[in-house]
Amino acid sequence: DEGSSASGSASGGVPLVAMMCVLLKVAVSCYCAVLSEKYLKVFSDMPLPAKISGLATTWAMMSFVFCRFEPEVRKNGFFANWDSM
């Protein structure tokens, strides 16, 4: 059948759930950018490298926290797939 795709969608269009996830991601990203800009302006007396360092540190800590919710990380550990190069 020409109308069906490998994923099983008969119309060949993008699923509604995928579209909603993309729109949610864009909305959250825009909100975070506005929020970051707001707090960067509040700390206008701080030098730019200090502001960037604060944002990067927070981003790294939250990335580590969120990765703990990944099922594979919980099952195998954080360094499970790393090799010694």
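Look up a bit, the structure's there.
Per chain, residue numbering runs from 1 following the sequence as it is written. For a predicted model such as this one, the threshold for reporting local features is a pLDDT of at least 70, and the threshold for listing and counting side-chain atom pairs is 80 or more; totals across whole chains, interfaces and linings nevertheless cover every residue. Excluded from the side-chain calculation are hydrogens and water; included are all heavy atoms of the structure.

J.: Mind showing me how you'd approach the pattern of salt bridges here?
T.: Any two side chains of opposite charge can pair, given that their charged atoms come close. The salt bridge criterion pairs a side-chain nitrogen of Lys or Arg with a carboxyl oxygen of Asp or Glu, the two atoms within 4 Å. If you walk through the whole model with that rule in mind, you get one salt bridge. Put simply, Glu37 and Lys41 hold a salt bridge, and the shortest N to O gap is 4.0 Å. Here the residue Glu37 and the residue Lys41 both occupy positions in helix 1 (residues 16–42), the gap between them amounting to four residues, near one helical turn. Classification of residues uses two cut-offs on accessible area relative to the type maximum, computed with a 1.4 Å probe and protein chains only: under 20% is buried, over 50% is exposed, and between them is partly exposed. Judged by its relative accessible area of 41%, Glu37 is partly exposed. For Lys41, a relative accessible area of 57% puts it in the exposed group. Secondary structure elements follow DSSP: runs of H or I no shorter than four residues count as helices, runs of E no shorter than two count as strands, and numbering proceeds from the N terminus.

J.: So what exactly am I meant to see when it comes to the layout of surface pockets here?
T.: Think of a ball as big as a water molecule: rolled over the atoms, this probe shows where empty space is left. Approximately 450 Å³ is the volume attributed to the largest pocket. Taken together, 13 residues line the largest pocket, and the ones lying closest to its centre are Cys32, Leu35, Ser36, Leu55 and Thr58. Put plainly, a pocket is an open set of points on a 1 Å grid over the protein atoms alone with protein on both sides within 12 Å along at least five of seven lines, a cavity is a set where a 1.4 Å probe fits but cannot get out, and a lining residue has an atom within 4 Å of a point. Grid points are joined across faces, edges and corners, and a volume is the space filled by probe spheres set on the points.

J.: I would appreciate a short explanation of the side chain of Lys51 in the present structure.
T.: As for its placement among the helices and strands, Lys51 is situated in helix 2 (residues 48–67). Notably, Lys51 is buried but unbridged: the nearest opposite-charge side chain belongs to Asp45, and the N-O separation is 7.0 Å. For this analysis, residues touch if any pair of their heavy atoms sits within 4.5 Å. Setting aside residues up to four positions removed in sequence, Lys51 forms contacts with Leu40, Phe43, Ser44 and Met46. Charged residues are defined here as Lys and Arg on the positive side and Asp and Glu on the negative side; His and the ends of the chain fall outside this count.

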